[in-house]
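A look at the structure
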Amino acid sequence: MAAYLIRRLIQSALILLGVSFITFFLLFVLPADPVRQIAGRSATAETVENIRQQLGLDKPFIVQYGRYLGALLQGDMGRSYLQKTEVADLILSRLPATLLLMLGAIACELVLGLTMGIIAALWRGRALDQTLMVTSFVTVSAPQFVVSLLLLYVFAVKLGWFPIGGYGTFAHLVLPAVTLGILGSGWYSRMMRSSMIDVLRADYIRTARAKGLTRARIVLRHALPNAILPVIAMIGIDIGIFMGGIVVVESVFGWPGIGQLAWQAIQRVDIPIIMGVTLVSAFAIVLGNLLADLIAPLIDPRIRLR
Amino acid sequence: MKRLLASTAVMLALALPALAQDYTPDPAAKPGGSITVTYKDDVATLDPAIGYDWQNWSMIKSLFDGLMDYVPGTTTLRPGLAESYEISEDGLTYTFKLRAGVKFHNGREMTAEDVKYSLDRVTNPETQSPGAGFFSAIAGFENAGPGGLSGVEVVDPLTVKITLSRPDATFLHVMALNFASVVPKEAVDEAGADFGKKPVGTGAFKLAEWTLGQRLVFEKNADYWRPGVPFLDSVVFEVGQEPVVALLRLQNGEVDVPGDGIPPAKFTEVMGDPAQAARVVVGGQLHTGYITLNVTIPPFDKLEVRKAVNMAINKDRIVQIINGRAVPATQPLPPSMPGYTEGYAGYPYDPEGAKALLAEAGLADGFETELYVMNTDPNPRIAQAIQQDLAAIGIKANIQNLAQANVIEAGGAGTAPMIWSGGMAWIADFPDPSNFYGPILGCAGAVDGGWNWSKFCDPVLDAKAAEADSMADPAKAEERLKLWSDVYMGVMEQAPWVPVFNEERYTMKSERMGGEDALYVDPVSIPVNYDYVWVKE
């Protein structure tokens, strides 16, 4: 177990290093000059060159990357080119909102997705199954902007049940979390359905049925714990996606998450912020996967970590 | 010999064609209340030396003051922190007399030392100010650094003398720019790089709260040196709001001013509903949208081809694409800019004439080229209209739909044959014709990385422009504007641009907002002049 953990941690560190290198390289070769974004349109050539030198952007790629990595290892993510603020502060200030929305969204996804998946599996091939699977297709392919606005318009503007966007109370969380829950539930329901169908075919389920257990007990006690493993792995991936930011839903609901920060930074080539957000979200993916793998043996004793 | 003017009003009357009577705020205005303004994008910084965004421009105007200012709702200069000033005969020395008793938000009195410090700071390369170049006429600018500007001298605690290395007719406008705001040294030193998040100025409002990525609260500066203003107790800025949602919240009474205006998708709906249309304020804007034709890339090196493109574009149809929120342009300058050439009709829309010109240039069969465009609505749709217009005269233009930074890069590098300027178009920094020339049409901007995307450089016009800008004598103001008009007519003769339209500004406000309409389409404090608006309650 300890050896496994150490190996996985080293792997994770290498993955993060790779992500940082690739992102930095892509930003380096991108045909857009961050200095021109800082200098603005009225700057003289001297001003542009002066800013380039001060930020060290005139140095070769490997020097720039080395400097960035060196600072990063000392816990310094640098300052935003345009805001001049510490990137760590900018990300930290948005982290609570991002985490809260992530939790809310994943909870909604699980409730909706698992229920739909189980029902579809139990009624496999019938009209109910087909309806649910078509629904899941529709939800995963629905445009975020339209769904967000629709829910906002109906439940906040027309019915007035929830505030029209913003952040702070539980009521603010409901609509964005439900929107993301609906949009993401399709993935979970399809995953749950196929996994559940596999498990329901297993011998021990037949044994349980032969013992005369009730259907509810078979499904909840025997089938579900075995069928849920792939779903847990998927949560690990989902965490990473949410940490990278949910630009559209955040901006419709005025939710102060990381997505908006990243989106604005990308538009203006604010490299320190782009790097920071990318690394934080890569870290979350790596951590999420690691946790999912560590949790797996607790749920299914057949799994051994080696 | 120096010409000393006792009264500022007299001086301004000489300096400007429009008479600069000082402004009387709305007598019906009531003090108190708070308003909510929304923006989609976060506020990057409130450091006046750095801030150069749509969102923070007017915020900074309310937090800080410069030596000069504008009469609210107009483009007319008036004194700010300077009480009066005198200009030497040769136009090279400006002596500003400061107002006594003006206090920074930290309680300290503002002095001439602060003015010098602020100008030294903005021009110091270490500050990385995007506006440093505006101050290039001040003596010692080339050697600006930690040692400061040799051209800015403190005569006594309330007098600053600024010496220029060349006459600059726009200098008073430059002193009204946000970049020239007066900041207290101790506050900058204390906050360091975070001054943009902890601004301290002399302005009508002070920053009371800033929750990163969520909201900013401005609180009334009770000690503001202009009597009677501001009226509002506070202004709340909420950031990260989708414009469509901001509009819904406005209808619900939660928002007073949607800072990003009316979203294009909602425009027809808003204007079609009398209740909503009544809350819309329309005003001119110092903006021109244009197509650049790169004169270094064949066949745009041929004048006939550039003229042909000018005649091929149906500007009225493009104006329709943006719901008529603009007027067709005939020349680089927008109509509300001094120096605009009245009566000049520009190139007519004439596809047949354009074809004839192409034939003259030996391109009767047309040619293939590329049109760069920024990828946000409505720009790709406008590019398609341009593409169709060009196709009608045999030019096949392939559209390069890119992110803003990539278009700017291609424009600066000179690799883009044609660029539609939408989303990156020129909006004047200050209301003077010179502001539309240097960086975007002059030789100085036609360098690698410059904003002159046509790479058009005519030394004769450049010399004329330089001559116009050296005419600092207020008595020659009319002559100077005539000269500028000539410069832009010279540009049109050589057709490096297709001026397409001048955007109008549409601001919405809630029913409870008071104050004259001009304050909501203020040409300088965009979108709203927070210092003078009020709420009815």
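Residues numbered from 1 in each chain as written. Chains lettered and ligands numbered in written order. Predicted model: local features only at pLDDT ≥ 70, side-chain atom pairs only at ≥ 80, totals over all residues.

For chain B, the count of helices and strands is 16 helices and 22 strands. Here chain B has a C-alpha radius of gyration of 24 Å; the compact-globule value for 537 residues is 24 Å, and the two agree. Judged by the C-alpha coordinates and their principal axes, chain B covers about 70 × 60 × 40 Å. Put simply, 70% of the contacts in chain B that link residues at least 6 apart link residues at least 24 apart. (Helix = DSSP H or I, 4+ residues; strand = E, 2+ residues; numbered from the N terminus. Rg over C-alpha atoms; globule rule 2.2 N^0.38 Å. Contact = placed C-beta atoms within 7 Å.)

Now for the overall build of chain A. On a plain count of helices and strands, chain A comes out with 14 helices and 0 strands. In sequence order, the secondary structure elements of chain A are arranged as α-α-α-α-α-α-α-α-α-α-α-α-α-α. Relative to its 306 residues, chain A shows a buried fraction of 41%. In chain A, of all internal contacts separated by at least 6 residues, the share reaching a separation of at least 24 is 72%. (Buried ≥ 20, exposed ≤ 12 C-beta atoms within 10 Å, placed from the backbone.)

All right, on to the sheet that holds strand S4 (residues 82–87) of chain B then. Residue and element names in this part refer to chain B. Here 4 strands make up an open sheet; going across it, the order is S4-S5-S7-S6 and the pairing antiparallel. Both outer strands of the open sheet, S4 and strand S6 (152–156), are each paired with one neighbouring strand and no more. Recorded for the sheet is a direction-independent mean angle of 20° between the axes of neighbouring strands. As judged from the 4 bridges shared by S6 and strand S7 (residues 159–163), these two strands associate in the antiparallel manner. In the sheet register, Val 152 faces S7, and the bridge partner there is Ile 162. (Pairing = 2+ DSSP bridges. Axes fitted to C-alpha atoms, helices over the stretch in contact; angles between N-to-C directions.)

The next subject is the nonpolar core. Leu 152 and Val 277 of chain A together with Ala 176, Ile 291, Ala 308 and Ile 386 of chain B are the most contacted members of the largest nonpolar core, which has 232 residues in total. Residue contributions to this core peak at 16 residues, all from helix H5 (residues 87–122) of chain A. In terms of domain composition, this core takes at least three residues from each of domain 1 (2–73) and domain 2 (94–299) of chain A. Apart from the residues lying within four places of it in its own chain, the contact partners of Ile 386 of chain B are Ile 291, Ile 313, Leu 371, Ala 397 and Trp 420 of chain B. (Core = buried A, V, L, I, M, F, W, Y, C linked by C-beta atoms within 7 Å. Domains from an automatic or database assignment.)

Now for the sheet that holds strand S8 (residues 205–211) of chain B. Residue and element names in this part refer to chain B. The strand order across the open sheet formed by 5 strands is S8-S9-S10-S1-S11, and the pairing between neighbours is mixed. The open sheet has two free edges, formed respectively by S8 and strand S11 (257–258), since each of these has just one partner strand. In terms of strand pairing, strand S9 (residues 215–220) meets strand S10 (residues 234–239) through 5 bridges, oriented antiparallel. For Val 217, the partnering residue across the bridge sits in S10 and is Val 236. Across the face of the sheet, helix H2 (residues 54–63) comes into contact with strand S1 (34–39), S8 and S9 while running at roughly 135° to S8.

Residues and elements named next belong to chain A. The contact between H5 and helix H14 (residues 271–299) brings their axes to 10 Å, and the two run at 50°. One finds that H5 runs oblique with respect to H14. Helix-helix and strand crossings are classified by hand; for H5 and H14 the assignment is right-handed. Where H5 approaches H14, its residues Val 87, Leu 90 and Ile 91 are matched on the opposing element by Pro 272, Ile 273, Gly 276, Val 277 and Val 280. (Parallel < 35°, antiparallel > 145°, perpendicular 65-115°, else oblique. Left-handed = near helix turned anticlockwise from the far one by under 90°.)

Attention now moves to the interface of chain A and chain B. Taken residue by residue, the interface counts 43 residues in chain A and 44 residues in chain B. Looking at the side of chain A that touches chain B, the element that brings in the most residues is helix H3 (residues 45–54) of chain A, giving 6 residues.

Residues and elements named next belong to chain A. Per the domain assignment, the segments of chain A are domain 1 (2–73) and domain 2 (94–299). On the side of domain 2, 12 residues touch domain 1, which itself brings 13 residues to the contact. Listing elements by their share of the side of domain 1 that touches domain 2, those giving two or more residues are helix H1 (2–29) and helix H2 (34–39). When residues in the side of domain 1 that touches domain 2 are grouped by element, the largest group, 9 residues, is from H1.

Every α-helix winds through 3.6 residues per turn, so residues three or four apart in the chain are directed the same way. All names here are of chain A. Its 15 residues place the ends of helix H6 (residues 127–141) 21 Å apart at the C-alpha level, agreeing with the 21 Å of an ideal helix rising 1.5 Å per residue. Along H6, the residues that are buried comprise Leu 132, Ser 136 and Thr 139. Along the axis of H6, the buried residues cluster in a sector spanning 70°; they form a single face. Exposed side of H6, more than 90 degrees from the buried face: Ala 127, Val 134, Phe 137, Val 138 and Ser 141 are the residues found there. Of the surrounding elements, those touching the buried residues of H6 are H5 and helix H8 (170–200). (Expected span 1.5 Å × (residues − 1). Arc of directions from axis to C-beta.)

In this model, chain A carries an average pLDDT of 89, and 100% of its residues clear a pLDDT of 70 or more. Across chain A, the secondary-structure element scoring lowest on mean pLDDT is helix H11 (residues 229–243) of chain A, at 83, and the one scoring highest is helix H4 (residues 61–73) of chain A, at 94. (pLDDT = per-residue confidence, 0-100.)

For the rest of this paragraph, the subject is unusual backbone geometry. Here the bond from Val 229 of chain B into Pro 230 of chain B is cis, since omega is 0°, no more than 30 degrees from zero. Mapped onto the elements of the fold, Pro 230 of chain B is located in the loop between S9 and S10. The omega torsion of the bond from Pro 298 of chain B to Pro 299 of chain B falls at 0°, within 30 degrees of zero and hence cis. Within the secondary structure, Pro 299 of chain B is located in the loop between strand S13 (287–293) and helix H9 (303–312). Even without a glycine there, the phi angle at Val 269 of chain A is positive, about 50°. With respect to the helices, strands and loops of the structure, Val 269 of chain A is situated in the loop between helix H13 (258–267) and H14. Positive phi values are uncommon outside glycine, yet Lys 455 of chain B reaches one of about 55°. Mapped onto the elements, Lys 455 of chain B comes out in the loop between helix H14 (438–441) and helix H15 (459–469).

Our next topic: the pairing of strand S19 (residues 497–503) of chain B. All names here are of chain B. The element S19 is largely enclosed, with a buried count of 7 among its 7 residues. Note: S13 against S19, 4 bridges, orientation antiparallel. For Ile 291, the partnering residue across the bridge sits in S19 and is Val 498. Where strand S14 (residues 326–328) meets S19, 3 bridges bridge the pair, whose relative direction is antiparallel. Counted as the bridge partner of Ala 326 is Glu 503 from S19.

The next subject is helix H6 (residues 243–251) of chain B. H6 of chain B sits mainly inside the fold: 8 of its 9 residues count as buried. All of the buried residues along H6 of chain B are Pro 243, Val 244, Val 245, Ala 246, Leu 247, Leu 248, Arg 249 and Leu 250 of chain B. The secondary structure elements touched by the buried residues of H6 of chain B are helix H7 (144–158) and helix H12 (247–252) of chain A together with S1, S11 and strand S20 (505–508) of chain B. Just past H6 of chain B, the residue Gly 253 of chain B takes up positive phi, approximately 80°.

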